[in-house]
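# A structural walkthrough
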Amino acid sequence: MVSRNIPVKDMTVGAYFRSLTVLHAALLAGQLLFACILFVVVRQQVRRMVVALPVNPWLYVALGVTFAVLAAAHFVYRSRVDRAREKETLADQLTAYRTAFAGRDMALNSLSTVGNILFFLCGNTDYIAITGMAVLIFAVWWPTKAKVKDVLGLEGLDNPDALIGGS
């Protein structure tokens, strides 16, 4: 079966938001699945590990990277959303928003991956807490029509069967 990439202009409002939700849910499920698998695998080894250092210095590095990536992701997201607002057509605005949204989600997904890998390498459950934080932020960032309307300042997204851009 061949899938085709449907441009935003040929989508209905409902299909657009379903695609955002599927993208977001897939990234969230990937984070959770990877974290659960690592937790089960590493849990057996954690009981046998001997903690050599009272404070692991990698934890400070991981926390620094976490906050730096969150700040950078937010900055890039806001700048892309500002550019999306300047687009003339609804289709162009929503395409630009989807790009900004996906970029922010990918940055958060990378944080979760770093937390998972550090947990796998060290067995320190503080690192898996980074993944937990990323999952909580993902829950807050769940895409909804109200959020998109608010961020982009749009009003014409109420009819789910309406085409975003005419054909």
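Above: the structure in question.
Residues numbered from 1 in each chain as written. Predicted model: local features only at pLDDT ≥ 70, side-chain atom pairs only at ≥ 80, totals over all residues. Heavy atoms only, no water.

## Focus: the packing of helix 3 (residues 90-122) against helix 5 (residues 145-152)
Two elements in contact, helix 3 and helix 5, have axes whose closest approach is 12 Å; the angle formed by their N-to-C orientations is 105°. Classified by the angle between their axes, helix 3 and helix 5 sit roughly perpendicular to one another. Facing Gln93, Leu94 and Tyr97 of helix 3, the residues of helix 5 in contact are Val148, Val151 and Leu152. (Axes fitted to C-alpha atoms, helices over the stretch in contact; angles between N-to-C directions. Helix = DSSP H or I, 4+ residues; strand = E, 2+ residues; numbered from the N terminus. Parallel < 35°, antiparallel > 145°, perpendicular 65-115°, else oblique. Contact = heavy atoms within 4.5 Å.)

## Description of the nonpolar core
Judged by nonpolar contacts, the single largest core of 21 residues is most densely connected at Leu94, Tyr97, Val148 and Leu152. Of all the elements in the fold, those that place two or more residues in this core are helix 1 (13-46), helix 2 (57-85), helix 3 and helix 5. No other element matches helix 3, which puts 6 residues into this core. (Core = buried A, V, L, I, M, F, W, Y, C linked by side-chain atoms within 4.5 Å. Buried < 20%, exposed > 50% of the residue type's maximum accessible area, 1.4 Å probe, protein only.)

## Observations regarding the packing of helix 2 against helix 5
The contact between helix 2 and helix 5 brings their axes to 9 Å, and the two run at 75°. As summarised for this structure, helix 2 and helix 5 are arranged roughly perpendicular, according to the angle between their axes. Seen from helix 2, the contacting residues are Tyr77, Arg78, Val81, Ala84 and Arg85; seen from helix 5, they are Asp150, Val151 and Leu152. When grouped by side-chain class, the residues that make up the contact of helix 2 with helix 5 number 5 nonpolar, no polar and 3 charged. (Nonpolar A, V, L, I, M, F, W, Y, C, P; charged D, E, K, R; others polar.)

## As for a nonpolar patch on the surface
Together, Leu33, Phe34, Ile37, Val41, Ile117, Phe120 and Leu121 make up an exposed nonpolar region whose accessible area comes to about 640 Å². Looking at the nonpolar patch, the elements with two or more residues in it are helix 1 and helix 3. Considering each element in turn, the nonpolar patch owes the most residues, 4 residues, to helix 1. Of the residues examined, Phe34 reaches a relative accessible area of 32% and is grouped as partly exposed. (Patch = residues over 30% accessible without salt bridge, like charges linked within 9 Å, V, L, I, M, F, W, Y side chains within 5 Å. Areas by Shrake-Rupley, 256 points an atom, 1.4 Å probe, with all protein chains shown as cover. Salt bridge = Lys/Arg side-chain N within 4 Å of Asp/Glu carboxyl O.)

## Section: helix 5
Regarding helix 5, the residues found buried are Val148, Val151 and Leu152. The buried side chains of helix 5 occupy one side of the element, clustering within an arc of 85° when seen end-on. Exposed side of helix 5, more than 90 degrees from the buried face: Ala146 and Asp150 are the residues found there. Backbone geometry just downstream of helix 5 places Gly153 in the positive-phi region, at approximately 70°. (Arc of directions from axis to C-beta.)

Interpretation note: all reported values are geometric properties and have no functional meaning in isolation.
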